[in-house]
Amino acid sequence: IPGQTQDFSTFLSKIKEAEPELLYIGAAYSDCANIVKQAHNLDINIPMMANASNMKEEFLDIGGDGVEGFLFVSSLDPSYQGEKFVQFKKNFEEKVASVVDPQSLQMYDLANMFCTALKEYGPDREKINEYMRNVQGYEGVNATINMVNGSPKKPMGPVTIKNGEFVTYTGE
């Protein structure tokens, strides 16, 4: 049960018996971090990964040293040094007192896209909807965004945890 289950040992024991090459964890950050810790306690020492929604400071806090080397696939590239991203990251971390996470970055970009549409089309819902679903070449904070039928198309890449920080995975 999400947020309520605390003991994942039965589930993890079955995984250990299967000898997988990788463990993908589809859980919220608190459960995910606890699963990783319990997996290490059971000597499950294989690469582990989750979706980018777990790229939160709370995941690092709960997981501690046990989440070193954990993998994510994300549109957020922590090593990106574009001017807009560097300024966004600085402001976010000062005001929120937390590391930038992909969801905050995406919501910021979407809010700005919406404001652009509102400025251009006024309160015309149909035109705003058309713009939001199909905008091309929108310069977001860390990537150019192209929408295809309402889904953002942005570059994705691997991210890992190194020395307690989210960093771009380089294979090392």
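Everything here concerns the structure above.
Computed from a predicted model, the values in this text were never measured in an experiment. (Residues numbered from 1 in each chain as written. Predicted model: local features only at pLDDT ≥ 70, side-chain atom pairs only at ≥ 80, totals over all residues. Heavy atoms only, no water.)

Time to look at the side chain of N54. Following the sequence through the fold, N54 ends up in the loop between β2 (48-51) and α3 (57-63). In this structure N54 comes out as buried when scored by relative accessible area, which is 0%. In terms of polar contacts, N54 uses its side chain to reach the backbone amide nitrogen of Y29, at 2.8 Å. Apart from the residues within four sequence positions on either side, N54 is in contact with A27, A28, Y29, C32, F59, F72 and F166. (Helix = DSSP H or I, 4+ residues; strand = E, 2+ residues; numbered from the N terminus. Buried < 20%, exposed > 50% of the residue type's maximum accessible area, 1.4 Å probe, protein only. Polar contact = N/O pair within 3.5 Å; in protein donor to acceptor, adjacent residues only side chain to side chain. Contact = heavy atoms within 4.5 Å.)

What follows concerns the sheet that holds strand β3 (residues 71-74). Neighbouring strands of a sheet are bound in pairs by backbone hydrogen bonds; such pairs are parallel or else antiparallel. One open sheet holds the five strands; their spatial order is β1-β2-β3-β7-β8, and the pairing between them is mixed. The sheet terminates laterally at β1 (23-24) and β8 (165-168), the two strands that pair on one side only. Examined bridge by bridge, β2 and β3 share three bridges and lie parallel to one another. Looking across to β3, one finds that A50 is bridged to F72. (Pairing = 2+ DSSP bridges.)

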